[in-house]
Amino acid sequence: ALSQEEVAEVLRLVKDDLVFLRSLNYGRPSRTEIRVASSILRRLLHEGMYSGAWRLAGLEEEPRVSAVDLQAVLTGIERRYLHYAYAGGAKTEGAHHSGHVLLVVPRAEVEAEGQDAVLHRVQREIKPGITRDFLLQEFCVSPAVISGGGFVSRVDVVRYVANKLGGVHWDNRRGGWTDPNSARHRLLDEQHLVVGRLPAALYEVVSIAQCVADSEDTSRYIE
C-alpha cells in the first residue's frame, strides 16, 4: 500500500545504505564506523528493508551473498570438542580469519590416543576458508558464532552490536537479560577473541557488512 513517492523513497534509502557500506575502509574500520554499520545492517537485514526493496525494484528471488560457511568449516568436528568458533572473513589490517576455531579435547582421550595423533585427527577435520553463496534470508540466519551445540546467527550479532553496544542503543544491563537469546548474548560478552584491534563481535559485523557490500547482487540493485 505504498505510493509511488514512498516506493521511490524506500528504494533510494536502501541504495544509499548499500553505497555507504561500500564506502567503508574495511582494512582499518573505526569502532564508530562499525557501530554505524550495525545500525544500517539491522535496518537492511533484521527489519527486512533490503529484501523488501529488492522486490519493489522488480528483481527476482532474493539477493545472494557470498560468505564463510561456518557449519561447513566444522562439518567433521565433534561438537563436544567445540569451545567456540567464529566465521569472520573480512580482510582487516593486523589480523583476519575465515573460520577461527578453539577446541578442547578431554585429557583422557589425549592420553589414550597420544597428543600427536589427536592433533592430526582434529586438524584434518577443520576446513577453514570454505565459502558459499547464501540467499539473503539464509545468510541472515546462518551461524556467525558456534559454541558446543548452540550458535549465534549473523543477524543476531548485528542486533547485539546495534542494540547493546551502541550502534543504536547502549545497554549496561546485558548480564541480566532473560530473553531466549540471553545465553548467546552472554557468549558474545565474553569476548573470547580479538582480531587485530577489534573484539570478535565487532569483527563479525565488519565481515557481515563486507559480504553484503561486495555482493554482485548489491551492484545489481544499486545499478
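Preceding this paragraph is the structure being described.
Residues numbered from 1 in each chain as written. Predicted model: local features only at pLDDT ≥ 70, side-chain atom pairs only at ≥ 80, totals over all residues. Heavy atoms only, no water.

**What about the overall build of the protein?**
Then step 1. When you go through the protein residue by residue, the secondary structure sums to eleven helices and eight strands.
Then step 2. Expected size for 223 residues packed as a compact globule is a radius of gyration near 17 Å; at 19 Å, the protein falls within 12% of this value.
Then step 3. Counting only C-alpha atoms and orienting by the principal axes, one finds that the protein spans roughly 70 × 40 × 35 Å.
Then step 4. Scored against the burial criterion, the 223 residues of the protein give a buried share of 46%. (Helix = DSSP H or I, 4+ residues; strand = E, 2+ residues; numbered from the N terminus. Rg over C-alpha atoms; globule rule 2.2 N^0.38 Å. Buried < 20%, exposed > 50% of the residue type's maximum accessible area, 1.4 Å probe, protein only.)

**Quick look at the state of the cysteines**
Then step 1. This model, assessed by the stated rule, comprises zero disulfides.
Then step 2. Here Cys211 is not disulfide-linked; the sulfur of Cys140 is the nearest cysteine sulfur, at 12 Å.
Then step 3. Take Cys211: its relative accessible area is 13%, and that puts it in the buried class. (Disulfide = S-S within 2.5 Å.)

**Concerning the packing of helix 1 (residues 4-23) against helix 2 (residues 31-46)**
Then step 1. Interaxial distance between helix 1 and helix 2 falls to 11 Å at its minimum, and their mutual angle equals 140°. Considering the angle they form, helix 1 stands oblique to helix 2. When the axes of helix 1 and helix 2 are compared, the crossing they make is left-handed. Contacts from Leu13, Val14, Asp17, Leu18, Phe20 and Leu21 in helix 1 reach Val36, Ala37, Ile40, Leu41, Arg43 and Leu44 in helix 2.
Then step 2. For the contact of helix 1 with helix 2, the residue count by class is ten nonpolar, no polar and two charged. (Axes fitted to C-alpha atoms, helices over the stretch in contact; angles between N-to-C directions. Parallel < 35°, antiparallel > 145°, perpendicular 65-115°, else oblique. Left-handed = near helix turned anticlockwise from the far one by under 90°. Contact = heavy atoms within 4.5 Å. Nonpolar A, V, L, I, M, F, W, Y, C, P; charged D, E, K, R; others polar.)

**Observations regarding the side chain of Glu204**
Then step 1. In this fold, Glu204 is placed in helix 10 (residues 200-214).
Then step 2. With near-sequence residues (within four places) excluded, Glu204 lies in contact with Tyr86, Ala87, Gly88, His97, Ala144 and Val157.

**Section: the packing of helix 1 against helix 3 (residues 49-56)**
Then step 1. Contact geometry for helix 1 and helix 3: axes closest at 9 Å, N-to-C directions at 125°. In terms of orientation, helix 1 and helix 3 fall into the oblique class. In this structure, helix 1 meets helix 3 at a crossing whose hand is left-handed. Together, Val7, Val10, Leu11, Leu13, Val14 and Leu18 of helix 1 and Met49, Tyr50, Ala53 and Leu56 of helix 3 make up the contact between the two elements.
Then step 2. Its residues assigned to classes, the contact of helix 1 with helix 3 comprises ten nonpolar, no polar and no charged.

**Section: the sheet that holds strand 5 (residues 143-147)**
Then step 1. Here we have four strands laid out as an open sheet, ordered 3-2-5-6, and antiparallel in their pairing. Edge strands, defined here as strands with exactly one partner in the open sheet, are strand 3 (98-103) and strand 6 (150-153). Between one strand axis and the next, the sheet turns by 15° as a mean value, whatever way the strands run.
Then step 2. Note that strand 2 (residues 82-88) and strand 5 share two bridges and pair antiparallel. Note on strand 5: the bridge partner recorded for Tyr86 is Val145. (Pairing = 2+ DSSP bridges.)

**Considering the nonpolar core**
Then step 1. Formed by 49 residues in total, the largest nonpolar core has its most connected members in Leu21, Leu41, Leu45, Tyr50 and Phe139.
Then step 2. Aside from chain neighbours lying at most four places away, what touches Phe139 is Leu45, Val65, Ala67, Phe134, Arg154, Ile208, Cys211 and Val212.
Then step 3. Grouped together as the second largest cluster of nonpolar side chains are 14 residues, Leu82, Ala87, Val122 and Ile146 included. (Core = buried A, V, L, I, M, F, W, Y, C linked by side-chain atoms within 4.5 Å.)

**Quick word on the pattern of salt bridges**
Then step 1. Within the structure shown, the criterion is met by eleven salt bridges.
Then step 2. Of the charged contacts in the structure, one is a salt bridge between Asp69 and Arg132, with a shortest N-O distance of 3.0 Å. Taken together, the residues span a long stretch of sequence, with Asp69 in the loop between strand 1 (64-68) and helix 4 (70-73) and Arg132 in strand 4 (residues 131-135) at a distance of 63 residues.
Then step 3. For Arg132, a relative accessible area of 35% translates into the label partly exposed.
Then step 4. Between Asp217 and Arg220 there is a salt bridge; the shortest N-O distance is 3.9 Å. One end of the pair is Asp217 and the other is Arg220, both in helix 11 (residues 216-222) and three residues apart, which spans about a single turn. (Salt bridge = Lys/Arg side-chain N within 4 Å of Asp/Glu carboxyl O.)

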